[in-house]
Amino acid sequence: MIEKKKKAVEDFFAILPHSMSLGMGIDFIRNGEVGMSMPYDNKLIGDPQTKVIHGGAVFALLDTCCGAAAMSHPEQVGPTATIDLRVDYMRPATPRQRIKAIATCYNLTKNVAFVRAIALDDNEEKPVAMAAGAFVTGG
Amino acid sequence: MVKLSPEPVALIKKRRNEALSKLIDSIPYISFLGVDFDRRGDEITAILPFKDDLIGNPSLPALHGGSIAAFLEISAIIELSWMQIWRQIENPSLIVEPSKALGILSLPKTIDFSVDYLRSGLPRDAYARAKVNRVGRRYASVHVEAWQDNRNRLFAQGTGHFLMPQQN
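Rules used throughout
- Residues numbered from 1 in each chain as written.
- Chains lettered and ligands numbered in written order.
- Predicted model: local features only at pLDDT ≥ 70, side-chain atom pairs only at ≥ 80, totals over all residues.
- Heavy atoms only, no water.
- Helix = DSSP H or I, 4+ residues; strand = E, 2+ residues; numbered from the N terminus.
- Buried < 20%, exposed > 50% of the residue type's maximum accessible area, 1.4 Å probe, protein only.
- Contact = heavy atoms within 4.5 Å.
- Lys, Arg positive; Asp, Glu negative; His and termini not counted.
- Charge placed at Lys NZ, Arg CZ, Asp CG, Glu CD.
- Expected span 1.5 Å × (residues − 1).
- Arc of directions from axis to C-beta.
- Buried area = accessible area lost by both parts, 1.4 Å probe.
- Salt bridge = Lys/Arg side-chain N within 4 Å of Asp/Glu carboxyl O.
- Polar contact = N/O pair within 3.5 Å; in protein donor to acceptor, adjacent residues only side chain to side chain.
- Nonpolar A, V, L, I, M, F, W, Y, C, P; charged D, E, K, R; others polar.
- 1 Å grid on protein atoms, 1.4 Å probe; cavity = no way out; pocket = protein on both sides within 12 Å on 5 of 7 lines; lining within 4 Å.
- Points joined across faces, edges and corners; volume = space filled by probe spheres on them.
- Pairing = 2+ DSSP bridges.
- Disulfide = S-S within 2.5 Å.

Caption draft 1: Summary view of the overall build of chain B. Within chain B, the regular secondary structure consists of four helices and six strands. Counting helices and strands in the order they occur from the N terminus, chain B gives α-α-β-β-α-α-β-β-β-β. For chain B, the spread of C-alpha atoms along the three principal axes comes to 70 × 35 × 30 Å. Evaluated residue by residue, chain B yields a buried proportion of 48% over its 168 residues. Restricting the contact set of chain B to residue pairs at least 6 apart, pairs at least 24 apart contribute 63%. Within chain B, one finds 21 positive and 18 negative side-chain charges whose respective centroids are separated by 7 Å.

Now the structure itself:
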């Protein structure tokens, strides 16, 4: 991957205020594929009975990771915006574990990037959530 | 026969507001985002007061897709729970103290949630209202609409399915 492009994606995603407030960090950037993760925090709890973090926090991580994957695609120039994103919550994320997301931009046309992503906790055999979405492309 | 005088309005409002606040205050992520609710009878509107932490792209600036999605999902879950609580606290044959009603309340769990980003979220307050299109014993289907300045110019909408808590 071209270093300049990798740097541009890193710089763009390092300063998003909402991502920063959730503690998101980039794990890796490749051509059209990005890994990101986010620590568990009590302030993210969505269900006080089970201490499981809110689906919205997982959604935010997946959305950010998908956007970064679209932007890191070799043919994509400049930033992207989400058109739509669907998340399936397959099981509750285990409390006190870091959430990792891996997103792949599997197709890029002149106007749209198609992206899929997966969210995992320490049990990598069973995903926590999966996402599929479309993003705006072009300069 | 002795005619019972109607319940004083202040008492009714107090009971309803307390039940709603208790539900909202119990979820940390709602206060993390700063979401508030406006209640008129049984109808509730979610409010997302603007703050810098909600921004995604700072150069536009625009609200982060993740904060918008979370706001919509919160609106849907609260609407579903509020419907359950309302039935409990407003049923005269089943007078339940708001505290007790919440003691036995489990939250619905999201099965899936889909967000349509219609226009970019401006750096100002946002509002959302959820409509429960179907609620059964196992699952519910909910649609949420969100807007900023004009009610009929939506900036996002969402649809989700939720697993309903099983009552014993």
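There is more to say after this.
Caption draft 2: How the structure looks around helix H1 (residues 3-14) of chain A. All names here are of chain A. Across its twelve residues, H1 extends 16 Å between first and last C-alpha, which sits within 8% of the 16 Å expected from 1.5 Å per residue. Residues of H1 that are buried include every one of Lys-5, Val-9, Phe-12 and Phe-13, and no others. Viewed end-on, H1 has its buried residues packed into an arc of 90 degrees, placing them on one side of the element. Facing away from the buried side of H1 by more than 90 degrees, the exposed set consists of Glu-3 and Lys-4. Tucked inside the fold, the buried residues of H1 contact strand S1 (25-30), strand S2 (33-38) and helix H3 (55-71).

Caption draft 3: Representation of the interface of chain B and chain A within the structure. Counting residues at the interface gives 34 residues for chain B, matched by 32 residues for chain A. Of the roughly 2,500 Å² buried between chain B and chain A on both sides combined, carbon and sulfur atoms contribute 58%. The largest share of the area that chain B buries against chain A comes from B:Tyr29, B:Phe32 and B:His64, three residues that together contribute 23% of it. Residues B:Asp112 and A:Arg86 are paired through a salt bridge, measuring 3.5 Å at the closest nitrogen-oxygen approach. Run the count over chain B and chain A and you get 14 residue pairs in polar contact (both at pLDDT 80 or more). Where the side of chain B that touches chain A is concerned, the elements lending two or more residues are helix H2 (28-33), helix H3 (65-89) and strand S3 (109-117) of chain B. Ranked by residue count, the leading element in the side of chain B that touches chain A is S3(B), at nine residues. Within the side of chain B that touches chain A, the residues separate by chemical class into 18 nonpolar, ten polar and six charged.

Caption draft 4: How the structure looks around empty space enclosed by the protein. Residues and elements named next belong to chain B. Going through the model one piece at a time under the given rule, you end up with one cavity of 30 Å³ or more. Each pocket or cavity is described by its volume, and for the largest cavity that value is around 30 Å³. Take the lining of the largest cavity: its biggest share by element is three residues, from strand S2 (residues 43-48). Taken together, the residues of the lining of the largest cavity sort by class into five nonpolar, two polar and one charged.

Caption draft 5: Summary view of the pairing of strand S6 (residues 154-163) of chain B. Residue and element names in this part refer to chain B. Looking at chain direction, S3 and S6 are connected through eight bridges and run antiparallel. Along S6, the bridge assignment pairs Tyr-117 with Ala-156. With antiparallel pairing between neighbouring strands as the criterion, strand S5 (residues 139-147) and S6 make up a hairpin whose turn holds six residues.

Caption draft 6: The state of the cysteines, seen in detail. Residues and elements named next belong to chain A. According to the stated counting rule, one finds zero disulfides over all chains in the structure shown. Counting only cysteine sulfurs, Cys-66 is the nearest neighbor of Cys-65, a cysteine outside any disulfide, at a range of 6.3 Å. Judged by relative accessible area, Cys-65 falls into the buried class, the value being 0%. For Cys-105, which is in no disulfide, the shortest distance to another cysteine sulfur is to Cys-66 and amounts to 9.3 Å. Taking the relative accessible area as the measure of exposure, Cys-105 reaches 7% and is therefore buried.

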